[in-house]
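# Commentary on secondary and tertiary structure
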Amino acid sequence: MKEFDPGDNAASIASVTERVRPLAIGMPVTSVHFLGERAVFVGAEEKVAMVSGEGEIALAPVHSGGILCATSDGERIVMGGDDGKLVALDAQGGVSLVATDAKRRWIDNVALHPDGALAWSAGKTAFVRSGRAEEKSFDVPSTVGGLAFAPKGLRLAVAHYNGVTLWFPNMVATAEVLEWAGSHLGVVFSPDNKFLVTAMHEPALHGWRLADHRHMRMTGYPGRVRSMSWSAGGKSLATSGADTVIIWPFASKDGPMGKEPAMLAPLRARVSVVACHPKQDILAAGYSDGTILMVRLNDGAEILVRRNGTAPVAALAWNGKGTMLAFAAEDGDAGLLEL
């Protein structure tokens, strides 16, 4: 295994690698979430691995095929699969069937609202089930690329080819369409409900200021942005896709318009996943060479969590208190760091 090389940005770097508890998950991992103090690693197919704070691993079958999407609100993890099913996993390990697509189409995207509402998509159709268990559907012009609930009110952003549709499931009002040419995939609202940002199929982000639908173009990436994470106060958006963590400023009413992003933690590898700390201006960044760094946003100070030399980092997550960090590489090599 080759040694970690911080590149030209630092002669030495603090390390907490000896405090990481290694985990033998035994399967490729696509995402990780916390249910209380228990880390749950979502596999690429069929199973999840639930890990206690003591490192005990319990496997739970959740799908009969590939797991295509997963999200969590801290109390449950909801996952969609190529078996046409949407299932939920609770903190006790209980698995329940949430929905089955009538045509057995793949469940490609899923989103959760703080009030309990749930959204998912299959093909060109987005579905919403509110807290009152009412289910509604909405068709967009092309395959749904991403889903996100607004932080206030029941409003769902549905990303698709050539833009995003803003759908209000509980209102008769016509859905709003935010247009921009190209294929829009991941989509996120800013925590203050003022901005909407999408990851494009091309190496760029696009955004809109929701008050007046003004466009925000965020370019300069060498690769596609596959991971986005808001800072604790929602003033910055950290992204993957380059050999540094690209952080766009959203503190002003104009967001990143006319501003340069911050570029932190440069390495001779591409950032594959980012996860901002839930309470402090710190983030974790995973790289294509297996490196994981913790980075302080205000000055870029770095701490080494995991050395390079393995498969790309595929998943990162903090627990709700910000006292534990879970990670996994594409090959299933995983770990827990208690802070």
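Residues numbered from 1 in each chain as written. Predicted model: local features only at pLDDT ≥ 70, side-chain atom pairs only at ≥ 80, totals over all residues. Heavy atoms only, no water.

### Details of the overall build of the protein chain
The test is simple: Segments assigned H or I by DSSP are reported as helices when at least four residues long, segments assigned E as strands when at least two residues long, and all are numbered from the N terminus. Here the radius of gyration uses the C-alpha set of atoms, whereas the globule reference equals 2.2 Å times the residue count to the power 0.38. Think of it in three bands: with a 1.4 Å probe and only protein chains considered, a residue is buried below 20% of the maximum accessible area for its type, exposed above 50%, and partly exposed in between. Any two residues having at least one pair of non-hydrogen atoms within 4.5 Å are treated as being in contact. All accessible-area figures derive from a Shrake-Rupley calculation using a 1.4 Å probe, and residue coverage is judged against the displayed protein chains alone.
Scanning the protein chain from terminus to terminus reveals zero helices and 30 strands. By the compact-globule yardstick of 20 Å for 339 residues, the protein chain fits well, its C-alpha radius of gyration being 19 Å. Taken along the three principal axes of its C-alpha coordinates, the protein chain extends 60 × 50 × 30 Å. For the protein chain, the residues scored as buried account for 54% of the 339 residues in total. Contacts in the protein chain between residues at least 24 apart in sequence constitute 42% of all its contacts with a sequence separation of at least 6. Put simply, the protein chain shows about 14,600 Å² of open surface, and 50% of that area lies on carbon and sulfur atoms.

### Quick look at the pairing of strand β7 (residues 76-81)
Where we set the bar: In short, DSSP must find at least two bridges between two strands for them to pair.
Most of β7 is tucked away, with five of its six residues classed as buried. Between the end of strand β6 (residues 57-72) and the start of β7, which pair antiparallel, lie three residues, with Gly-74 showing a positive phi angle near 90°. The pairing of β7 with strand β8 (residues 85-90) spans five bridges and is antiparallel. Across the sheet, the residue bridging to Met-79 is Val-87, located in β8.

### Examining the confidence of the model for the protein chain
Threshold: Confidence scores here are pLDDT values: one per residue, from the predictor, ranging 0 to 100.
Of all residues in the protein chain, 96% have pLDDT values of 70 or greater, and the mean over the chain is 93. Counted against residues more than four places away or in other chains, residues 6-11, with its pLDDT under 50, gives six contacts.

### Brief notes about the packing of aromatic side chains
Selection criterion: Stacked, tilted and edge-to-face are the three classes applied to pairs of Phe, Tyr and Trp rings, where Trp contributes its six-membered ring and a pair requires centres within 6.5 Å; stacked means planes under 30 degrees apart, edge-to-face means over 60, and tilted covers the rest.
Applying the stated criterion to the full structure yields four aromatic pairs. Ring centres of Trp-120 and Phe-127 lie 5.4 Å apart, and the angle between their planes is 15°; on these two criteria the pair is classed as stacked. Summarising the burial analysis for this pair, Trp-120 and Phe-127 share the class buried. Consider the rings of Trp-230 and Phe-250, whose centres lie 4.9 Å apart with planes at 75°: the pair is edge-to-face. Residue Trp-230 is located in strand β20 (residues 228-230), and its partner Phe-250 is located in the loop between β22 (245-249) and β23 (262-264); the two are separated by 20 residues in the primary sequence. Of the aromatic side chains, those joined through ring pairs into one cluster are Phe-195, Trp-230 and Phe-250.

### Examining the sheet that holds strand β16 (residues 176-189)
The test is simple: Fitting a line to C-alpha atoms yields each axis, with helices limited to the stretch in contact; the angle taken between N-to-C directions then spans 0 to 180 degrees.
Strand order in this open sheet of six strands is β14-β15-β16-β17-β18-β19, and the pairing throughout is antiparallel. The open sheet has two edge strands with one neighbour each: β14 (146-149) and β19 (214-218). Taken over all neighbouring pairs, the strand axes of this sheet differ in orientation by 45° on average, direction set aside. Both strand β17 (residues 195-200) and strand β18 (residues 205-209) contribute to a ladder of five bridges, which runs antiparallel. The residue bridging Thr-198 from the neighbouring strand is His-206, located in β18.

### Some thoughts on the side chain of Asp-101
Here Asp-101 lies in the loop between β9 (95-100) and β10 (109-112). Contacts of Asp-101, omitting those with residues within four sequence positions, involve Gly-84, Ile-107, Ala-122 and Phe-127.

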